[in-house]
Each structure stands twice: as structure tokens, then as C-alpha cells.
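So the chains spell out like this:
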Amino acid sequence: MASPAEPASPVRSTEDEGTDSVSELNSSPLNNLEAKSPESTLKRMLSFRRSKRSLAKDKDENKKIPEPTKDKASEDSGTLRRNKSLLPKVFQKKEEDSSAKNLTDTSVNKSGENTGAESIQQQPLSVMEINELIQKKQLLEAYASIRCLEKEVISEKEAKKDEDNPIEYARKVKDVDMLCNSVANSIKSVVEETLDQFDIDESLLTSMVTVISKEEAAHADVQSPDSSELDWVGRPRKWRDVWKEAVRGSAEKRVRKVPISLKEDNDSWLAIHLGFLRKYVSEDLLKIKQSVQKCYPDDYKVCGRYFESYHSAISSHLQDLLQRRLEFNELYALLDWVVNTYYSETLLGHPDLQAEVKTENLPQLLPSETWDKLKKDYEDSLAEKIKYYLDNILKLETREKWKEEKQPETSQTEYDSSLSLDIQTFIGQHKNESGKILESLETATLEISIRELREFIPRFRKAFVEWYKEREDLLFVPYLVAYINGFRDLIRGLQTTFNANTTELENVLTDVTMSFRKDVLDQLKQKTQPLFKKILTNTWMLNSEILDSIMSTTVQFCQHLKHLEQPVDKDFLGDAHKYVVREYITQAIKPRKRMNTAKREEVGKKMKEEATVIRNSFKELGSNVDWLNSAIHYIANIISEKNRHKIKDYIEEICQAYPDVRKKHIEAVLTCRGLNRNKKKSIIQKIDRLQENAESVTDRTLFAEIDPLTSVTCF
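The following refers to the structure shown. (Residues numbered from 1 in each chain as written. Predicted model: local features only at pLDDT ≥ 70, side-chain atom pairs only at ≥ 80, totals over all residues. Heavy atoms only, no water.)

**Some points on the overall build of the chain**
Then, number 1: A count of helical and extended segments in the chain gives 27 helices and two strands.
Then, number 2: Looking at the chain as a whole, 50% of its 715 residues are labelled buried.
Then, number 3: In the chain, the proportion of contacts linking residues at least 24 apart, taken out of those at least 6 apart, comes to 79%.
Then, number 4: For the chain, the accessible surface area stands at approximately 36800 Å², while carbon and sulfur atoms represent 47% of it. (Helix = DSSP H or I, 4+ residues; strand = E, 2+ residues; numbered from the N terminus. Buried < 20%, exposed > 50% of the residue type's maximum accessible area, 1.4 Å probe, protein only. Contact = heavy atoms within 4.5 Å. Areas by Shrake-Rupley, 256 points an atom, 1.4 Å probe, with all protein chains shown as cover.)

**Some details on unusual backbone geometry**
Then, number 1: For the bond running from Gln 566 to Pro 567, omega is 0°, close enough to zero to count as cis.
Then, number 2: Secondary-structure assignment places Pro 567 in the loop between α20 (545-559) and α21 (568-588).
Then, number 3: Residues other than glycine seldom take positive phi values, yet Lys 238 does so here, at roughly 55°.
Then, number 4: Along the polypeptide, Lys 238 turns up in the loop between α9 (202-218) and α10 (239-256).
Then, number 5: Overall, the relative accessible area of 13% leaves Lys 238 in the buried class.
Then, number 6: The phi dihedral of Leu 536 is positive, around 60°, even though this residue is not glycine.
Then, number 7: As for its placement among the helices and strands, Leu 536 is situated in the loop between α18 (503-532) and α19 (538-542).
Then, number 8: Assessed through its relative accessible area of 0%, Leu 536 is described here as buried.

**A closer look at the pattern of salt bridges**
Then, number 1: Under the counting rule described, the total for this entry stands at 36 salt bridges.
Then, number 2: Between Glu 327 and Lys 263 there is a salt bridge; the shortest N-O distance is 3.3 Å. Here Lys 263 lies in the loop between α10 and α11 (269-292) and Glu 327 lies in the loop between α12 (302-321) and α13 (328-341), a separation of 64 residues in the sequence.
Then, number 3: Given the relative accessible area of 30%, Lys 263 is considered partly exposed.
Then, number 4: The salt bridge involving Glu 601 is made with Lys 642; its shortest N-O contact spans 3.0 Å. Of this pair, Glu 601 sits in helix α22 (residues 597-621) while Lys 642 sits in the loop between α23 (631-640) and α24 (644-657), and the two are 41 residues apart along the sequence.
Then, number 5: Residue class for Lys 642 comes out exposed when judged on its relative accessible area of 56%. (Salt bridge = Lys/Arg side-chain N within 4 Å of Asp/Glu carboxyl O.)

**Considerations on the packing of aromatic side chains**
Then, number 1: Applying the stated criterion across every chain yields a total of 23 aromatic pairs.
Then, number 2: Between Phe 456 and Phe 460, the aromatic rings sit 5.6 Å apart at their centres with planes inclined by 55°, giving tilted as the arrangement. Here the residue Phe 456 and the residue Phe 460 both occupy positions in helix α16 (residues 439-469), the gap between them amounting to four residues, near one helical turn. One exposure class covers both Phe 456 and Phe 460, and it is buried.
Then, number 3: When the centroid spacing of 5.6 Å and the interplanar angle of 85° are considered together, the rings of Phe 460 and Phe 487 count as edge-to-face. (Phe/Tyr/Trp six-rings, centres within 6.5 Å; stacked < 30°, edge-to-face > 60°.)

**Overview of empty space enclosed by the protein**
Then, number 1: Taken as a whole and judged by the stated rule, the model has two cavities of 30 Å³ or more.
Then, number 2: Roughly 40 Å³ of internal volume is contained in the second largest cavity.
Then, number 3: Lining the second largest cavity are Val 190, Thr 194, Gln 197, Asp 201, Leu 204 and Leu 205.
Then, number 4: Those elements giving two or more residues to the lining of the second largest cavity turn out to be α8 (166-194) and α9. (1 Å grid on protein atoms, 1.4 Å probe; cavity = no way out; pocket = protein on both sides within 12 Å on 5 of 7 lines; lining within 4 Å. Points joined across faces, edges and corners; volume = space filled by probe spheres on them.)

**Some details on the nonpolar core**
A general feature of soluble globular proteins is that nonpolar side chains tend to end up buried together.
Then, number 1: Counting residues in each nonpolar core, the largest one holds 190 residues, and the members touching the most others are Met 208 and Met 607.
Then, number 2: Excluding anything up to four places from it in sequence, Met 607 contacts Leu 536, Trp 540, Tyr 584, Ala 588, Ile 632, Ile 635, Ala 636 and Ile 639. (Core = buried A, V, L, I, M, F, W, Y, C linked by side-chain atoms within 4.5 Å.)

**Thoughts on the packing of helix α7 (residues 139-158) against α8**
Then, number 1: Contact geometry for α7 and α8: axes closest at 10 Å, N-to-C directions at 155°. Relative to α8, the element α7 is oriented roughly antiparallel. Considering the relative orientation of α7 and α8, their crossing is left-handed. On α8, the residues touching Leu 139, Ile 146, Leu 149, Glu 150, Glu 152, Val 153, Glu 156 and Lys 157 of α7 are Tyr 169, Lys 172, Val 173, Val 176, Leu 179, Cys 180, Val 183 and Ser 186.
Then, number 2: Grouping the amino acids of the contact of α7 with α8 by side-chain chemistry returns 10 nonpolar, one polar and five charged. (Axes fitted to C-alpha atoms, helices over the stretch in contact; angles between N-to-C directions. Parallel < 35°, antiparallel > 145°, perpendicular 65-115°, else oblique. Left-handed = near helix turned anticlockwise from the far one by under 90°. Nonpolar A, V, L, I, M, F, W, Y, C, P; charged D, E, K, R; others polar.)

**Looking at a positive patch on the surface**
Then, number 1: On the surface, a cluster of positive charge is contributed by Lys 395, Arg 399, Lys 403 and Arg 471.
Then, number 2: Residue Arg 471 is classed as partly exposed on the basis of its relative accessible area of 37%. (Patch = residues over 30% accessible without salt bridge, like charges linked within 9 Å, V, L, I, M, F, W, Y side chains within 5 Å. Lys, Arg positive; Asp, Glu negative; His and termini not counted. Charge placed at Lys NZ, Arg CZ, Asp CG, Glu CD.)

**What about the environment of Trp 337?**
Then, number 1: Along the chain, Trp 337 falls in helix α13.
Then, number 2: What makes Trp 337 buried here is its relative accessible area of 4%.
Then, number 3: Each C-alpha atom of the pair Trp 337 and Leu 277 lies 10.0 Å from the other, and the pair is 60 residues apart in sequence.

**Brief notes about the side chain of Ser 434**
Then, number 1: Position of Ser 434 among the secondary structure elements: in helix α15 (residues 419-435).
Then, number 2: Given the relative accessible area of 0%, Ser 434 is considered buried.
Then, number 3: A polar side-chain atom of Ser 434 sits 2.9 Å from the main-chain carbonyl oxygen of His 430.
Then, number 4: Among all residues touching Ser 434, those that are not within four sequence positions of it are Tyr 332, Tyr 378, Leu 441, Glu 442 and Thr 445. (Polar contact = N/O pair within 3.5 Å; in protein donor to acceptor, adjacent residues only side chain to side chain.)

Written out as C-alpha cells, the structure reads:
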């Protein structure tokens, strides 16, 4: 340690201590003694001057006191050295540049002390004067004076002068500590103001770096302080750590200053804000690379320090944005910025920054949990948007087609709907947009779309049926056909265009199609049921208009089913065909009063004729369920046949052709035929054996759907 008599001198930079412990700078116990008001601060700054005035008063009094002994003079040596501040100051240049140059050019030894006679001799400045230098950013000159004060305090402590006047000593220590803190604050200010200026003040940055280096060199061999409240005197101030923290703080402030609009003022507020963020951060990083970096030694790694600070600041800022309730477009803008913009040539990937930015060394811009939540929020919001879009399709169909009673579109021989194209276009757009961000989001978009369609198709069918439930509208079947075709085309498009797994969606459409088939039959039943009730009545016997009306209504109804895609069209026509045959037989085998032979023959003949009409009509429509055509003929033969042995043959034939026929059905036919109970019993006994030998055929149920009545009606 140099003696207090030696003037302060500049020192050379040493290696960065490599510590990030900035908090130690402000943790000195002496800081707790600082006054909180400006007035008390000024008093503290003037403590050295009060000491001067006290010494001057002592000097006047000493004229009347005998000369002290040698030992006494030695005890007061520290005080006499401090009294130099009462003498006139040496005249010197006040220009900052000249002062900085003189200080810089002074030769120093390893400990940072002057080694030659060329060192500048000057009187120590007061605390207020030193602080004024700091406020003016004349850091080199200020540090030289602080160093002189610090060495003086250290000398007094080593000479145990602090024990003679501990209060005065504590004030001096606090002044040194306050001035060092003021330098630290000035370092922060210089860093924060650097990027605010259009032109970089290179000389100021250079002087700041020099001061940091001098402080490091002056305390290079000093250990960290212990718990004593005075241990900060002569200890490292770690101003490089202050600089690092200032860089971090500067990045955070500049990121927070990026303009951001209110959502109420602009729906694209976030996209606009992220555009500004890219622009301003890119300009800052280029400025650091091109203008700021050259003012620092290599060991500061300026670009790396700034880039890491901006990376951290942007990460925190984006996480703050995610605390808001963001809508779909806003979530997309954020995802796109993180994935595509941040690392692009417009920001970190800029050609002029590639040599400095090592993206592989940077942590993730967003923590894993935050990133996963962002993607999930996007997927959830996308699901809501798709559902909203599909619901709007339903509203448009209701408003523009059902209410307006417009005919469905026709594609060649099939009814068509724009549903398939509209939905595929919508899904394709979002799938492609999501794919620009992440492949996983592209896959998720397709899965979400199919999931929403699985719920939409049944919901659509229910709304459609409810709309026409109370309406006698001829457009019900045409639109039903068009929607079935549209949904089937949609599934094919998802398979071929998007290579989607549609297994679950196909199962849903199968169920919906079955429901549509029931809806069609309900409509047909509603139109024809009153006519079927007249079968085998006196009115029916007298004219053929009843079946003509039934078949006219049925054919008109089924003409629209021909526009269904194959093979679905056959399913719907088969349902209609079975319905007509089933309802005809149900009415024919109702219990009636006994008919005479002539009546039975007339009824049987008419039934055969009408069975032929039914068969031919559905054949023209395209029905392929020929197995239904014989049922009415068998019953007509049983009713009209005179030979009882042939009746048994007809019963055997019907049991073989229709394995689902039961005793109750045969008994009802025989009752209609007019056989008494004993004769019926002898014939029915063979039915169990016939049914055991009959081979059942899948999807060929007719009589199982017929429940013969037991009440007798009049013919």
C-alpha cells in the first residue's frame, strides 16, 4: 500500500475479475448512515470542509500554545496532511480531455501507484468538488481524487488515528463510500444513455472503461470484505459488475420503451408492436456492433454481453405479454415472431451480426413451460375459431338457403353443396399458416379440424331436421341428399388433399347417414301412412287409386334419392322399398272378419297386381333389393288358395325365403284366409321345423319389423 503522501495516479487495466456480484457494491454498512434528504447529503459532502475550518481555528489558537513535542507532532501528522485543503490549489488545466490525457500518460507500477517524478502534484479536492466532477462525467479526474481520499483514510487506519477521533474517521469513510457509489451510478448512467444518443460519445465510454480498469488494478490484491462496517475502505468496488448490470438494465428499459397500442384502438396491436420490437432491437444491436464495441477492450465481450441482455429482456417482455388474454390472431403473431422473425436476417440472423451472435449458446427465448403453454393456447384458440367458423356455415345455410327455399346445387347427376369446398379451403389455410411456424402445429391443426367436424356434422344434421320438422317442404330431401354428398366429399378431400386419418370421422358420418335414412323414412311415412291404412278395405277393393297415390308420392319422394352418391343411393332406395312392402303387409295381415272364397280370390288377385306395380316402380328408381318382391305374392297366394296342401307349400316357401317370419305372422295370414283354430294349429306346427332348416341372411329382415295386431277389423 502506498503512503498517503503520494499523489493519486492512473493505473493500467487488469483482467476482468469475472464476478457478477453487483449487490456487494451497495451492501456496505456505511450506506445505512447516509442521510435520505438532499440537505443531509449536502452536509455529508461538506464534512471535509468542516474539518478544514476546525483546523484553521486550531491554528489561531496554537499561536498562544507552546510548540508541541516531537511525539505530539507525529500524532497530528494525519491532521496536518489533511489541512492541505486550506492552502491555495495548484493552477492546472481544467479541460477534461487534457486532464484525462495527463492522468492516462502517467506511468504506473503493478499496484497502480505512480513511479516517476512526472506524476501530477495537486491539492486534494473537497467531497463536493469531486462529486461535481462525477456529475459532469469527468470520471478520470474524479477517481484520482477519490483514490487520494481513500489512501488517506487507509493511512489513518493503519496509524490507528481512527481511534483518536472515530466520529471524524467514520465521516471520512462514509464520504469515500458515497463518492464510490456516485461513480457507480455514473457508470450506470453512461451505459443507459449510450444507445439513446444519435452519435456515440467514444471519449466518455473510454474514460469510463479506464476508471473501471484503474479501480480493478488498485485493488487487485485485496480480498473481499468481511462483516466489519469499515471493511469497504480499500476494498474492490467491482465496477465491472456494475457495468454488466447496467447493460442488462439498459436492455430491459429499451425493450419496455417499444411503442405498443391499445387493443381497443387497433385489432392488430400485437403484430404492430412486434414489428416495432424487431426494428428497434435490430437497430440497437447493429449500433452496438458497429459503434459501441470498439470503445471497450476485448475482454469485456461487449456484443455478447449486450446480446444476452437483450435476449433476456425480450424473453421477459414476451412472458409479460402472455399474461394478457390473447386471441387467436395475437397468439399466431407471437408464435410467428418467436420462431420465424427473431432468428431471421432481420434480427439476430442479420449478416452484420452473424460473427458476434452465437444463437446456439443462447437459452430458449421462452422457457419450456411457457412455450408449451403458448402452443396449447394457440391450439385451443384455433379449435374455438374452427367451431365458430362451422357454426357460421350453419347460420348461412339457414339464412341464405333454407329460408329462401333455394334449390340445392347440382353437379352432373348429383345434388351438391358448397360445404365441402368451403370447409376444406378454411382448413387448408390454417394448416398452411400453422405449418409456417411448426410442423407439429400443422399436424395439430388437422387433428383439431377433424375433431371439430366430428361434433359439427351431427349438430348440423340435428339443426337441419329440426328446421324442416314443422314444415311441409319439398326441399327437405334434395338438401338432405346434397349434404350427405357434401360430407362424403369432405372426407375424401381430407384423405387425398391433407392425408388425414379420417377413420373416426367416417364412423360419425356413417351414424349420421343412418339417422338421415330414418329421417327420410319418417318424412315418407308422414306422407303415405294415411293411404296405407286403406289397404284391404272396401274402398281399396273398389278402385286402384289408393296404391297409385302411395306409389306416386313414394316415387316423387325417391326421385331425389337417385342424386345420392353410390352406393349410398341404393341404401336409401332399399329403405324406401322395404318400407312400402312392410307397410303393405302390415295392413294386409291385420285380423279381419272371415272372407268367403270369392272375396279371397279377388283380394289375392289384387294384391299380386299391386305387388307387381311396387316391384316395377322401385326397379325404375334403381332399387336392387329384389328379395322383397316375393313377400306380398306369398301372402296373396295363401289368402286366395283353395287347396290346403298348397297352402302348406306356400308357407314352407315363405319360411325359407324370409327366415325372420314367425308363427304369429303365419297365424295372422291364416286368420285372414278364414281357417278355424284347429286347422291353423295343424299347419303352424310345421313352422318350427321349417325355421330350424332355414338359412338366415344378413340384412334381410322384413317380418321381424312387423307386429301383427290381434284385434279384428271389418273388411
